[in-house]
Amino acid sequence: MSDASRLKAILGSFFHTPAYGDFELLEHTLIELDDAGVIERIIRPDDTDYAERVAAARTAGEREPGSFAELASDTFILPGFVDLHVHAPQWPQAGVALDEPLNVWLDQRTFPLEARFADPEFAYTVGYDLARTFLSRGTTTTLYFASAHLDGSYAVSRACAAAGQRAIVGKVVMDDPASNHDFYRDATPEQALVDTEEFLARVEALDAQGRAADPRFAGAYAAVTPRFIPSCTDEALAGLGQIAAAHDAYIQSHCNEGQWEHGVAIERFGKTDAEALASFGLLGPKSIMAHCTFMNDDDTALFAETGTVVAHCPISNAYFANSACPVRRMHEAGVRIGMGTDISGGFSPSMYDNIRQAVMASCMLEEGVDALVPQERRGAGRPSRISAPEALYLATKGGAEGLGLATGSFEVGRAFDAQVIGTRQPYTDLTGFGVFDEPGDKLARILYLATPDNIRQVWCQGKLVIER
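Read on for an overview of the structure. Since this is a predicted model, take the numbers as computed values, not measurements.

## Description of a nonpolar patch on the surface
On the surface, Met360, Met364 and Val369 cluster together into a nonpolar patch covering about 310 Å² of accessible area. You can call Met364 partly exposed: its relative accessible area is 44%.

## As for the environment of Asp175
Mapped onto the elements, Asp175 comes out in the loop between β8 (166–173) and α5 (189–213). Looking at Asp175, its side chain comes within polar contact range of the side chain of Thr233, at 2.6 Å.

## Quick word on helix α15 (residues 439–449)
Those residues of α15 that sit buried are Leu443, Arg445, Ile446 and Leu447. Against the buried residues of α15 lie β1 (9–19), β2 (22–33), β5 (75–79), α12 (351–367), α14 (388–403) and β14 (418–422).

## Thoughts on the environment of Leu237
Topologically, Leu237 is positioned in helix α6 (residues 234–247). Linking Leu237 and Glu401, residues 164 residues apart in sequence, is a C-alpha distance of 26 Å.

## Quick notes on unusual backbone geometry
Backbone torsion omega between Ile343 and Ser344 reads 5°, so that peptide bond is classified as cis. Examined against the element boundaries, Ser344 turns out to sit in the loop between β13 (336–339) and α12. A positive phi is found at Asn322, a non-glycine position, where the angle reads about 60°. Structurally, Asn322 is set in the loop between α10 (314–320) and α11 (327–332). For Asn322, a relative accessible area of 56% corresponds to the exposed category. Positive phi, normally seen in glycine, also occurs at Asp342, with a value near 50°.

About the criteria used
- Residues numbered from 1 in each chain as written.
- Predicted model: local features only at pLDDT ≥ 70, side-chain atom pairs only at ≥ 80, totals over all residues.
- Heavy atoms only, no water.
- Patch = residues over 30% accessible without salt bridge, like charges linked within 9 Å, V, L, I, M, F, W, Y side chains within 5 Å.
- Areas by Shrake-Rupley, 256 points an atom, 1.4 Å probe, with all protein chains shown as cover.
- Salt bridge = Lys/Arg side-chain N within 4 Å of Asp/Glu carboxyl O.
- Buried < 20%, exposed > 50% of the residue type's maximum accessible area, 1.4 Å probe, protein only.
- Helix = DSSP H or I, 4+ residues; strand = E, 2+ residues; numbered from the N terminus.
- Polar contact = N/O pair within 3.5 Å; in protein donor to acceptor, adjacent residues only side chain to side chain.
- Contact = heavy atoms within 4.5 Å.

Below is the structure:
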């Protein structure tokens, strides 16, 4: 992107969720950014210097094209989405074979596909396309599982940085010869740990290069990534916990996703998945665990105590989790929660689709789904529903807070990651014709009805990365 794409000020109407369960509409508001793409000032129409600041921004925009954006009254700006769980190598598989049992889906489709990431060029091609697709859907920050290959995983990091997305990538560890195919696994526990250390060093250098060339570089980060307990030896799990502690690195894995995974940990360790991960030093404030649908009250308390983050993947859970994630119960217990698409266990790269599914799944959890079971025994037995603004929080600020990143909302000191929603696109009119026109109604129509064509522009840390 050229310097002309650097944003210094934007005038428009902004929806965001500064706190869980609450949304705010900042109407006709001017947001000013510093040179790093971080929000420096928020000037509302009732501020005494509003007219003066708007006039100055317009004048500066005339001198420096691209530094000022003034949006029409039929557009709204939402924060960029934060996706906490994606399998980058599975992008070519999205939508394929989701009607198959999990073991068939993995053994016949997923693992042979991921094995192709031994070719860094192929890995880069897939990773770049996926990152650009996410950006076009409004997702500016993503936490990726790459593959078990060092070079292929590093290629994904390079691709995401080149695409303009803020990305946290992990080289996947799956070293147990009894649980993984010979054609796709780490050669030994020792090699898995050596490659993880090397991957962390490479990505740290990539990030440094990016920041040296461009102080507004959104950032490439690395994560320690045991695929999940069933695929890793005790030696690898213990070593990864030690590496993460030594480097203060992100940790990502799966936890309590489905009945099978839940059972493996109990049979192997006599502990739940969460308890076993904790015993290897893999739970903590920089740990993001995907799914977590089989969490009992003790597991939930353990997550709250350690600060571990749940990546809620509502579409994927409908296919492979054998259950629905109890988001409301976890939140009330103090667990930090964000949202993930889980490409390709979840078919859609759109967080809008996952926001919708998150609300639907919470209703189904509360009410139950089998009409042949008596009503009083059909549901979860406790309030479970979440609202659309609560789901939006999970997809934006909740995910950002889980990663310790200052973005996800429009507040001073946070990176300006944003998507511009045009509500009058042909065949995707979101205006509602002046009916049900309160702010909450406008936001609901965007969350439930927006298509990719409604997303007209996307900024990542003040840099324009998508324009339709």
